Amino acid sequence: MATWGDFATADAALAAAIRTLLHQYGPGLAYLATIRPDGGPRLHPVSPVLTSTGLYCFVLPSPKRQDLDRDGRYALHSYPAEDNDDEAYLAGRALPVTDPSTLTHLTLLTRAAQGVDWKAYELTIDVAMHVHHDTPTTSTTTVWKPHARPAPRPRENGPCTKAVDSVQ
């Protein structure tokens, strides 16, 4: 597991590309996948908060919050872009933020409402991926993991793409 700061230090270019996709519409926007009690996926839109050191998410009382409290695994995927098919994907563990100074900083940064039953989570990173579509039929996928980083590789898109392209 790595923090956003660890990841951004290790691969500044990839972190910048992912940050750009998460903030392409202004505030952070992404889809958060969690794991239901029966093991199935649950998907929700969220507004992730990026700082220089961490990736955070405020979550109101909801099934997704129950999922994160029970099983902290998550996947975060950028919203689709209007002018291309580029994608950003992060996966790891969501950890409750309990440090008062971090909570105060995040509250002030985001102007989070006081008196609301939100809970902040730091999203640690086990894998980060960026897919840049070079042409309508080719793309470059860059994957980062805390202890292993394969080089970007171009590939042909299509229904016969090899199973090794999966990062899951």
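The shown structure was predicted, so the numbers you read here are calculated from the model rather than taken from an experiment. (Residues numbered from 1 in each chain as written. Predicted model: local features only at pLDDT ≥ 70, side-chain atom pairs only at ≥ 80, totals over all residues. Heavy atoms only, no water.)

**Points about the pairing of strand 6 (residues 87-96)**
Looking at chain direction, strand 5 (residues 73-78) and strand 6 are connected through five bridges and run antiparallel. Pairing of Ala 75 across the sheet is with Ala 91, part of strand 6. As defined by bridge partners, strand 6 adjoins strand 8 (residues 127-135) across five bridges and the pair is classed as antiparallel. Following the sheet pairing, Leu 90 is matched in strand 8 by Ala 128. Two strands pair when backbone bridges link them, and strand 6 and strand 7 (residues 119-123) are joined in this way by three bridges, in the antiparallel orientation. Opposite Leu 95, over in strand 7, you have Glu 122 as the bridge partner. (Pairing = 2+ DSSP bridges. Helix = DSSP H or I, 4+ residues; strand = E, 2+ residues; numbered from the N terminus.)

**Re the environment of Glu 122**
Position of Glu 122 among the secondary structure elements: in strand 7. For the pair Glu 122 and Tyr 56, spaced 66 residues apart in sequence, the C-alpha separation works out to 4.4 Å.

**Considering the confidence of the model for the protein**
On average, residues of the protein carry a pLDDT of 88, and 88% of them reach 70 or more. Looking at the elements of the protein, mean pLDDT is at its lowest for strand 10 (residues 153-156), recorded as 61, and at its highest for strand 5, recorded as 98. (pLDDT = per-residue confidence, 0-100.)

**Quick word on the side chain of Asp 71**
Counting through the fold element by element, Asp 71 comes out in the loop between helix 3 (63-70) and strand 5. Looking at Asp 71, its side chain comes within polar contact range of the side chain of Arg 73, at 2.7 Å. Sequence-distant contacts of Asp 71, that is, excluding residues within four places in its chain, are made with Ile 35 and Arg 93. (Polar contact = N/O pair within 3.5 Å; in protein donor to acceptor, adjacent residues only side chain to side chain. Contact = heavy atoms within 4.5 Å.)

**Topic: the packing of aromatic side chains**
Under the criterion given, the structure shown has four aromatic pairs. On the numbers, 4.9 Å between centres and 50° between planes, the contact of Phe 7 with Trp 144 is tilted. Of the two residues, Phe 7 is situated in helix 1 (residues 4-10) and Trp 144 in strand 9 (residues 138-144); the sequence distance between them amounts to 137 residues. Seen in terms of ring centroids, Tyr 31 and Tyr 79 are 4.7 Å apart; in terms of plane orientation they differ by 20°. Their pairing is stacked. Taken as a pair, Tyr 31 in strand 1 (residues 30-35) and Tyr 79 in the loop between strand 5 and strand 6 lie far apart in primary sequence, 48 residues in all. Overall, Tyr 31 belongs to the partly exposed group, its relative accessible area being 30%. Through successive ring pairs, a cluster of aromatic residues spans Trp 4, Phe 7 and Trp 144. (Phe/Tyr/Trp six-rings, centres within 6.5 Å; stacked < 30°, edge-to-face > 60°. Buried < 20%, exposed > 50% of the residue type's maximum accessible area, 1.4 Å probe, protein only.)

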